[in-house]
Amino acid sequence: MAESVHRVMLAEPGWGPAGLAAHLGVTETEIHHALDTLVGLALIRESVEHPGALRPVDPQSALQSLLLRQQQDIQRQQQQMRESRLAFSRLVADVARQQPDTGSDLVETVIGLDKVHQRPVDMHHGPPTGGCTTSAEQSTTPSRPARISHRAAATASAACGRPSRARIA
């Protein structure tokens, strides 16, 4: 409906809602709804020469205005995302600074949900070979030893039936 109203307004810019309704065979209420839609799309605007009267806007100009507004909205959203990312980074840094330093590097890195779920079982039962060592004593690669927390080392050592070499803070 709005598209038809706009086409007629381009051809007959002087017609008001009554003339548009008569020409299109619809009610004035339907015309007013269509006009509201066209105003929202910036396809019609209020006349400068005749306040209160609506005038059609060239579709090419309206498209350029619409694209410009959308581009500005996108830029605004991108700026908000940058600000949010910065604020989040600051929060993470603040939290990290507030964490107590245990003074130990005995931490194990476990990657993957399956390995995370398997880790407590491995620590409780020891390695599959039957020997009983903690992850702090094992190595994932020759150049990169596995690290385990003090508490986990103590738990693993206790599961093996021997005292822990790690202090629990």
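To start, this report covers the structure provided alongside it. In every chain, residue numbers begin from 1 and rise along the written sequence. In keeping with the predicted nature of the model, local features appear solely for residues at pLDDT of at least 70, side-chain atom pairs appear and are counted solely at 80 or more, and the whole-chain, interface and lining totals rest on all residues. For the side-chain quantities, the full set of heavy atoms in the structure was used; hydrogens and water were omitted.

1. With respect to the overall build of the protein
Using the following cut-off: Only runs of H or I of at least four residues qualify as helices and only runs of E of at least two qualify as strands under DSSP, and these elements are numbered from the N terminus. We call two residues in contact when some of their heavy atoms are within 4.5 Å. Using a 1.4 Å probe, the Shrake-Rupley method yields the accessible areas, and only the shown protein chains count as cover for residues.
Along the protein, the regular secondary structure elements total 6 helices and 4 strands. For the protein, the α and β elements follow one another from N to C terminus as α-α-α-β-β-α-α-β-β-α. Contacts spanning at least 24 positions in sequence make up 46% of the contacts within the protein whose residues lie at least 6 apart. With an accessible surface of roughly 12400 Å², the protein has 56% of that area assigned to carbon and sulfur atoms.

2. A look at unusual backbone geometry
Quick reminder of the rule: Burial here depends on accessible area, computed with a 1.4 Å probe over protein chains only, as a share of the maximum for the residue type. Under 20% is buried, over 50% is exposed, and the range in between is partly exposed.
Of note in this structure, Ala-42 is not a glycine but carries a positive phi near 60°. Locating Ala-42 in the fold gives a position in the loop between α3 (28–40) and β1 (44–46). Classification of Ala-42 as partly exposed rests on a relative accessible area of 21%.

3. Focus on helix α1 (residues 2–11)
So the rule is basically this: By definition, the arc is the one covered by directions from the helix axis to the C-beta atoms.
Residues Ala-2, Val-5, His-6, Val-8 and Met-9 constitute the buried set of α1. Buried residues of α1 fall within an arc of 165° about the axis and therefore sit on the same side. More than 90 degrees from the buried face of α1, the exposed residues found are Glu-3 and Ala-11.

4. Some remarks on helix α5 (residues 113–125)
So the rule is basically this: Expected span of a helix, by definition, is 1.5 Å for each gap between consecutive residues, and there is one gap fewer than residues. Bend at a given residue is defined as the angle between two axes, one fitted to the seven residues that end at that position and one fitted to the seven that begin there.
Taking 1.5 Å per residue, 13 residues should reach 18 Å; α5 reaches 19 Å between its end C-alpha atoms and fits that length. Bending of α5 peaks at approximately 30° at the position of Arg-119, with proline Pro-120 no more than four residues after it.

5. Some thoughts on the nonpolar core
We count it as follows: Definition used in this section: a nonpolar core is a set of buried Ala, Val, Leu, Ile, Met, Phe, Trp, Tyr and Cys residues joined via side-chain atoms within 4.5 Å.
Val-5, Met-9, Leu-20, Ile-31, Leu-35, Leu-38 and Ile-44 are the most contacted members of the largest nonpolar core, which has 14 residues in total. Of all elements in the fold, only α1, α2 (17–24) and α3 reach the threshold of two or more residues within this core. Filtering out sequence-adjacent residues up to four positions away, Met-9 remains in contact with Leu-20, Leu-35, Ile-44, Leu-54, Arg-55 and Pro-56.

6. A closer look at the side chain of His-6
Looking at where His-6 falls in the secondary structure, it is placed in helix α1. The residues contacting His-6, other than those within four sequence positions of it, are Leu-38, Leu-43, Ile-44, Pro-56, Val-57 and Pro-59.

Note that all results are geometric; they support no functional claim without further evidence.
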